[in-house]
Amino acid sequence: MQKLTGKSYQVDRRPMNFGEKLYLPILKGMGITLKHMFQKKVTTQFPEERRPFSPVFRGLHVLNRDEEGRERCTACGLCALACPAEAITMEAAERLEGEEHLYREEKYAAKYEINMLRCIFCGLCEEACPKDAIYLSETYPPTAFARQKFIYKKEDLLIPNPITEKEAYEKALGKDMETTAGALNKRKS
Ligand code: SF4
Ligand code: SF4
């Protein structure tokens, strides 16, 4: 029969010799196991142990606030447009009188969602944003069993207020995944 690929080979059906009948080749495999037992362990005991990330690591998204605690996002949609995975959706709303302390611009994102199952953490949304409103932190979305848990809503992504929640804000800057706004909210839900 003509071979379709060069990967097929003839099965060796010779009767086993004396050494093969004693299963001696297994000693080779056991030797490899023994050798590895005395080598330095490469497994990271997560979550007790954390592997240091690369300085250019791109993790979970954070929606930024300005120094006065106002939301920076103006719902321009550039991040969604730049996203190759079409993971970002949003709905814009107009800032009302008296809401100047909440939203920096006249328009803001009333709804902002990122589907982390689609996201490839490329960072293009961060690069596209003209308002420094979104950045990828040094954390990552915690594991979950339900797909719905990976749809991060605005309240999951928005960084705590640097004035009223100073401590949470410092932690959510991305140095500790346990305290990131998104991670915390997802655990509570
Ligand atoms: S990191 Fe890349 S894939 Fe993920 S939301 Fe941003 S642009 Fe889309
Ligand atoms: S995060 Fe930035 S790019 Fe995306 S809608 Fe908000 S302001 Fe525009």
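Up top is the structure these notes are about.
Note that this is a predicted model, so its numbers are computed, not measured. (Residues numbered from 1 in each chain as written. Chains lettered and ligands numbered in written order. Predicted model: local features only at pLDDT ≥ 70, side-chain atom pairs only at ≥ 80, totals over all residues. Heavy atoms only, no water.)

Chemist: Describe in detail the site of ligand 1, supporting the description with residues and values.
Modeler: Residues in contact with ligand 1 amount to 13 residues; listed here are only the nearest, C83, C119, C122, G123 and C125. In terms of residue class, the shell around ligand 1 is built from eleven nonpolar, two polar and no charged. (Near = heavy atom within 4 Å. Nonpolar A, V, L, I, M, F, W, Y, C, P; charged D, E, K, R; others polar.)

Chemist: Any chance you could break down the side chain of N115 for me, citing the residues and the numbers?
Modeler: Among the structural elements, N115 can be located in strand β3 (residues 107-115). In terms of polar contacts, N115 uses its side chain to reach the backbone amide nitrogen of L117, at 2.9 Å. Beyond its immediate sequence surroundings of up to four residues, N115 is in contact with A87, F150 and I151. (Helix = DSSP H or I, 4+ residues; strand = E, 2+ residues; numbered from the N terminus. Polar contact = N/O pair within 3.5 Å; in protein donor to acceptor, adjacent residues only side chain to side chain. Contact = heavy atoms within 4.5 Å.)

Chemist: Explain the pattern of salt bridges to me, and be specific about the residues and the numbers.
Modeler: Enumeration according to the criterion identifies ten salt bridges in this entry. The shortest N-O distance in the salt bridge between R14 and D12 comes to 2.9 Å. The pair formed by R14 and D12 is uniform in burial state, with each residue classed as exposed. The partner of D66 in a salt bridge is R70, and the shortest N-O contact between them spans 2.9 Å. Taking relative accessible area as the criterion, R70 reaches 18% and is therefore assigned buried. Bridged by salt links that share partners, the residues D66, E68, R70, R104, E105 and K131 form one connected network. (Salt bridge = Lys/Arg side-chain N within 4 Å of Asp/Glu carboxyl O. Buried < 20%, exposed > 50% of the residue type's maximum accessible area, 1.4 Å probe, protein only.)

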